[in-house]
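Here are the chains, one letter per residue:
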Amino acid sequence: MTPDIVIVAAAVGLAAGFLGRLAWRKLADRRKGCAGGCGCASKLTGK
Amino acid sequence: MSAAPLPRIAVVGNPNTGKSTLFNALTGLRQRVGNYPGVTVARKSGTCDLGGGRLVELIDLPGLYSLAAVSPDERVVIDVLLGRIPGEAPPDLVLVVCDATNLLRNCFLAAQIAELGLPAVLAVNQADVARERGIEIDIPLLAGRLGTAVALVSAWKGEGIADVRRTLLRGLDQRPVLRRSEWPEAIAAALAEVAAAARDATGRDIPPALAQRFLFDSAPTLAESAGWAAPAREPALRAARDRVRRAGLNPPAAEPLIHYARLRRDLEGVVRGTGRESRSAAVDRILLHRVLGPVCFAVFMLGLFWSVFALAKGPMEWILAGVDGLKALAAPSLEGMPMAQSLVTDGILGGVGAFLVFLPQIAFLFLLVGLLEDSGYMARAAFIMDRLFGWCGLNGKSFVPLLSGFACAIPGILSTRTIEDPKARLATAFAVPFMSCSARFPVYALMCAAFIGPQHGALWESVAMVGMHLVGLLFAVPIAFILTRVVLRVRPAPFVLELPRYQLPKVKDVLWRVWQSVWEFIQKAGTIIFALTIVVWALSYFPRDEALAERARAVAVAKGADPAAADAAAAAAQVENSWMGRMGKSIQPVFDPAGFDWKLTVGVLASFPAREVIVSTLGITYALGEETGADSESLYAAMREARWTEGPRAGTAIFTLPTVLALMVFFALCSQCGSTIVTLARETGGWKWAGISFATMTTLAWLAAVAVYQVGTALMS
């Protein structure tokens, strides 16, 4: 494996992981009664 | 051991009394201060030092004119004051904020609060405006007549805040209760009957103030929330109201008649000077004029967008230059790693850069809207638009949610809670996503920057922007008309809108709000957009087929293309062969009647979770199709030069004026926001209306885009 492929695979993996986690957190927020959206930007970014 | 809870003070008052400004001044907390009614929709609290380290908790409650509240928002006030919020005792003190320029009407709420029996003090706010209008208020006399401590304050100017603190301290120490009105015998007896019947039915003691609400209010919401069901309630209330009628009084009118009669006596000699016509009233004669008002409104909106473009032009060029500088810096350091180089320059910097470039426009838009809002003009805009809403059957209270929808549909849908009628609430929530939210702005801005601006100039850019903001409204009005008049059959409801005086905007508050939106935009670019650009890049980059690229290069060379053009042809073949390209090409026939090629189709598909994603997606697909390592300016050039490669339009430009307008109209109408759909489902209690909204908006968007493209193309040919 060349460093080129490693860098790209890591970046794509991290990005996909981040989006997956975000979707998971949004679902969790919904269960807690938060509709998400503008006022909840901090929740969307996982902070 | 936990510390003892702080004494709690509830701040109540009519809308537009400067209640939130006073709350800010007392607590020092940042809070949105608006001039149109309904801005305080959530309960807010903060800690206040009354002096000598004596801390209290202040609770800012939504503004209301009377305790005869029916909207969910107003019910919160009664629940807090009566201690009916689970886990919360009634407040230790109530601070009633009154407007010095309209003391009689404001004291009506104070008279109702007196009936609660809670300790209460008064803050008479907007003293500066009263002074300007020649109104004098004898504060010691008022305090004596009402039987409590009163402070005169101008929260906006910061005058008298220390006096309010002293008044609150005195209120906590002496616990004064406002003097009550005296009820005629028949009403007192009817109230006793109501309290007894409700106690028998619910098994709980009913406070006298609640019994008054049961007797006087026509809406049964409070009785129902107290657990007094209709079968037991209705005969008891009918009997009690009949008793009041027999005494010659009309039950719903009795309460204001008795309170106002007593308050007029109490305020005799307290308020001197009837007030001159304010400058605001003089200005309003023009801005609220039947004909001139809407004309001024249109001119303001056109000027607003024109200013946004003019002011943002320079900063946008700086960002473009910055992104290009970063690309030039990153490319050599990744020499020998073509994949990683493409990821960084075409993917991340191309995608995030294309999105971030609109930051100045967002900042100036929020700045100018914030200045208009703080100046008091937005309430006038509500007044002007109310005629239109009344015609289409929407409640007058729909204006605030619909106006919020222009920033973001989610707070707009949430603020429909202030509408009492559930059907009117549903119709408004359905109409809100049609309003052109700020996420649509980068999409319009991209089309304006790439096509309308360079070809037609800044004025037409502004006209296109205003037009796109009106498109949503144009569709929302007939849809609301059908929903309210035919499907839901909403009953018309009265709407009270108090116009605040004009004032110089508080620049600090406006700048704070601008910063909040700018920061949110940057966060979005650094998180969601950043991650999505990487995923979209990967989908547009893989799989690689070098043989296919070589064939495309050879064909281009055979046709006489120079080496750069041959490279571009090879890159374009790779993108077309990518997963994203294959998906776009297979779905493109659906969007073909609207003039969208496969790249635009990919952009549209990627934008369904969040519409602004199209900007970064187009940034990537066009950068990948250009072997030159497209900088941001050449993204616009690449889009301008894009040609159909096959079919009857082969060789002609993809982005004609009809295509650009069709794309903008599609984004103006389409339901492309996952969060909005979820919020709509939550607020309407199920997925039915969210599903109907999604289907209606998306179908309408497609039909409108096709109509714009087909009619536009026919007219231009």
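Calculation notes
- Residues numbered from 1 in each chain as written.
- Chains lettered and ligands numbered in written order.
- Predicted model: local features only at pLDDT ≥ 70, side-chain atom pairs only at ≥ 80, totals over all residues.
- Heavy atoms only, no water.
- Helix = DSSP H or I, 4+ residues; strand = E, 2+ residues; numbered from the N terminus.
- Areas by Shrake-Rupley, 256 points an atom, 1.4 Å probe, with all protein chains shown as cover.
- Phe/Tyr/Trp six-rings, centres within 6.5 Å; stacked < 30°, edge-to-face > 60°.
- Buried < 20%, exposed > 50% of the residue type's maximum accessible area, 1.4 Å probe, protein only.
- Lys NZ or Arg CZ within 6 Å of the ring centre and 35° of its normal.
- Salt bridge = Lys/Arg side-chain N within 4 Å of Asp/Glu carboxyl O.
- 1 Å grid on protein atoms, 1.4 Å probe; cavity = no way out; pocket = protein on both sides within 12 Å on 5 of 7 lines; lining within 4 Å.
- Points joined across faces, edges and corners; volume = space filled by probe spheres on them.
- Nonpolar A, V, L, I, M, F, W, Y, C, P; charged D, E, K, R; others polar.
- Patch = residues over 30% accessible without salt bridge, like charges linked within 9 Å, V, L, I, M, F, W, Y side chains within 5 Å.
- pLDDT = per-residue confidence, 0-100.
- Contact = heavy atoms within 4.5 Å.
- Pairing = 2+ DSSP bridges.
- Domains from an automatic or database assignment.
- Buried area = accessible area lost by both parts, 1.4 Å probe.
- Polar contact = N/O pair within 3.5 Å; in protein donor to acceptor, adjacent residues only side chain to side chain.
- Axes fitted to C-alpha atoms, helices over the stretch in contact; angles between N-to-C directions.
- Parallel < 35°, antiparallel > 145°, perpendicular 65-115°, else oblique.
- Left-handed = near helix turned anticlockwise from the far one by under 90°.
- Right-handed = clockwise from strand over helix to strand, strands pointing away.
- Core = buried A, V, L, I, M, F, W, Y, C linked by side-chain atoms within 4.5 Å.

1. Some words on the overall build of chain A
Phase 1 of the analysis: Counting its regular elements, chain A contains two helices and zero strands.
Phase 2 of the analysis: Put simply, chain A shows about 2,800 Å² of open surface, and 70% of that area lies on carbon and sulfur atoms.

2. A short note on the packing of aromatic side chains
What describes a pair of aromatic rings is the distance from one ring centre to the other and the angle between the planes of the rings.
Residue and element names in this part refer to chain B.
Phase 1 of the analysis: Within this structure, the stated rule accounts for 16 aromatic pairs over all chains.
Phase 2 of the analysis: For the ring pair F666 and F667, a centre distance of 6.0 Å and an interplane angle of 70° mean the geometry is edge-to-face.
Phase 3 of the analysis: With relative accessibility at 1%, the residue F666 sits in the buried group.
Phase 4 of the analysis: Ring-pair connections join several aromatic residues into one group, and the members of that group are F591, F596, F666 and F667.
Phase 5 of the analysis: Over the face of the ring belonging to Y502 we find R380, whose NZ or CZ atom lies 3.9 Å from the ring centre.
Phase 6 of the analysis: Here R544 stacks its cationic end above the ring of Y541, 3.8 Å away from the centre of that ring.

3. A word on the pattern of salt bridges
Residues and elements named next belong to chain B.
Phase 1 of the analysis: Evaluated as defined, the whole model comprises 21 salt bridges over all chains.
Phase 2 of the analysis: Residues D173 and R54 are paired through a salt bridge, measuring 3.0 Å at the closest nitrogen-oxygen approach. Taken as a pair, D173 in helix α6 (residues 161-174) and R54 in the loop between β2 (44-49) and β3 (55-60) lie far apart in primary sequence, 119 residues in all.
Phase 3 of the analysis: Residue class for R54 comes out partly exposed when judged on its relative accessible area of 33%.
Phase 4 of the analysis: Close ionic contact of R245 with D242 constitutes a salt bridge, the shortest N to O distance being 3.1 Å. Of the two residues, R245 and D242 both sit in helix α10 (residues 230-246), three residues apart, roughly one turn of that helix.
Phase 5 of the analysis: Using a relative accessible area of 45% as the deciding quantity, one classes R245 as partly exposed.
Phase 6 of the analysis: The structure contains a network of salt bridges with shared partners spanning R179, R262 and D266.

4. Quick look at empty space enclosed by the protein
All names here are of chain B.
Phase 1 of the analysis: This structure, assessed with the given rule, holds six cavities of 30 Å³ or more.
Phase 2 of the analysis: In this model, the second largest cavity occupies a volume close to 50 Å³.
Phase 3 of the analysis: The wall of the second largest cavity is formed by P433, R611, S671, Q672, C673, T676, I677, L680 and S693.
Phase 4 of the analysis: For the lining of the second largest cavity, the residue count by class is four nonpolar, four polar and one charged.

5. Focus: a nonpolar patch on the surface
Residue and element names in this part refer to chain B.
Phase 1 of the analysis: Together, L302, W306, L459, W460 and V463 make up a nonpolar patch on the protein surface, roughly 500 Å² of accessible area in all.
Phase 2 of the analysis: Every element with two or more residues in the nonpolar patch is listed here: α13 (292-333) and α21 (458-487).
Phase 3 of the analysis: Looking at the nonpolar patch element by element, the count peaks at three residues for α21.
Phase 4 of the analysis: Looking at where V463 falls in the secondary structure, it is placed in helix α21.

6. Notes on the confidence of the model for chain B
Residue and element names in this part refer to chain B.
Phase 1 of the analysis: Taken as a whole, chain B shows an average pLDDT of 85; of its residues, 93% reach a score of 70 or greater.
Phase 2 of the analysis: For the stretch residues 32-41, pLDDT sits under 50, and the model shows 39 contacts to residues farther than four places along the chain or on other chains.
Phase 3 of the analysis: Low pLDDT, under 50, characterises residues 627-631; the predicted model gives this stretch eight contacts beyond four residues in sequence or across chains.

7. Quick word on the pairing of β3 of chain B
Residues and elements named next belong to chain B.
Phase 1 of the analysis: For strand β1 (residues 8-13) and β3, the ladder comprises four bridges, and the chain directions are parallel. By the bridge assignment, V11 is partnered in β3 with D60.
Phase 2 of the analysis: Sheet topology places β2 next to β3; six bridges connect them, and they run antiparallel. Bridge assignment links D49 to a residue of β3, and that residue is L55.
Phase 3 of the analysis: The hairpin formed by β2 and β3 contains five residues between the paired strands, and G51 there has a positive phi angle of roughly 115°.

8. Here's the deal with the domain arrangement of chain B
Residue and element names in this part refer to chain B.
Phase 1 of the analysis: With domains assigned, chain B is organised as domain 1 (8-174), domain 2 (185-248) and domain 3 (292-440 + 458-487).
Phase 2 of the analysis: A C-alpha centroid distance of 29 Å is found between domain 1 and domain 2.
Phase 3 of the analysis: Taken together, the contact between domain 1 and domain 2 spans eleven residues of the former and eleven residues of the latter.
Phase 4 of the analysis: Carbon and sulfur atoms supply 62% of the area that domain 1 and domain 2 bury against each other, a total of about 880 Å² over both sides.
Phase 5 of the analysis: Contact with domain 2 buries surface across domain 1, with R75, R84 and E115 losing the most and accounting together for 46% of the total.
Phase 6 of the analysis: Our count for the domain 1 to domain 2 interface comes out at zero salt bridges.
Phase 7 of the analysis: Run the count over domain 1 and domain 2 and you get one residue pair in polar contact (both at pLDDT 80 or more).

9. Description of the packing of helix α20 (residues 441-456) of chain B against helix α29 (residues 657-669) of chain B
Residues and elements named next belong to chain B.
Phase 1 of the analysis: The N-to-C vectors of α20 and α29 enclose an angle of 155°; their axes lie 10 Å apart at closest approach. Here α20 lies roughly antiparallel to α29, going by the angle between them. The way α20 lies across α29 gives a crossing that is left-handed. Residue-level inspection shows V443, Y444, M447, C448, F451, I452 and H456 of α20 in contact with α29, the latter providing L657, V660, L663, M664, F667 and A668.
Phase 2 of the analysis: Grouping the constituent residues of the contact of α20 with α29 by class yields twelve nonpolar, one polar and no charged.

10. Brief notes about the pairing of strand β5 (residues 120-125) of chain B
Residue and element names in this part refer to chain B.
Phase 1 of the analysis: The element β5 is extensively covered by neighbouring structure, given that six of its six residues are classed as buried.
Phase 2 of the analysis: What you see with β5 is no split at all: A120, L122 and V124 on one side and V121, A123 and N125 on the other are buried throughout.
Phase 3 of the analysis: Judged from the six bridges that link them, strand β4 (residues 93-99) and β5 form a sheet pairing that is parallel. When the sheet's bridge partners are listed, C98 is paired in β5 with V124.
Phase 4 of the analysis: In this fold, β4 hands off to helix α3 (residues 103-114), which returns the chain to β5; that crossover is right-handed.
Phase 5 of the analysis: Pairing analysis gives three bridges linking β5 to strand β7 (residues 150-152), with the strands arranged parallel. Each residue of the ladder has a partner; that of A123, found in β7, is A151.

11. Structural notes on the nonpolar core
Residues and elements named next belong to chain B.
Phase 1 of the analysis: Counting 141 residues, the largest nonpolar core has M447, F596, M639, F655, M664 and F666 as the members making the most contacts within it.
Phase 2 of the analysis: With 13 residues, the single largest contributor to this core is helix α22 (residues 507-541).
Phase 3 of the analysis: For F655, the contacting residues outside a window of four places in its chain are M447, F451, L600, Y622, M639, A642 and V660.
Phase 4 of the analysis: If you look at the next biggest cluster of nonpolar residues, it comprises 64 residues, including V96, L103, Y260 and L267.

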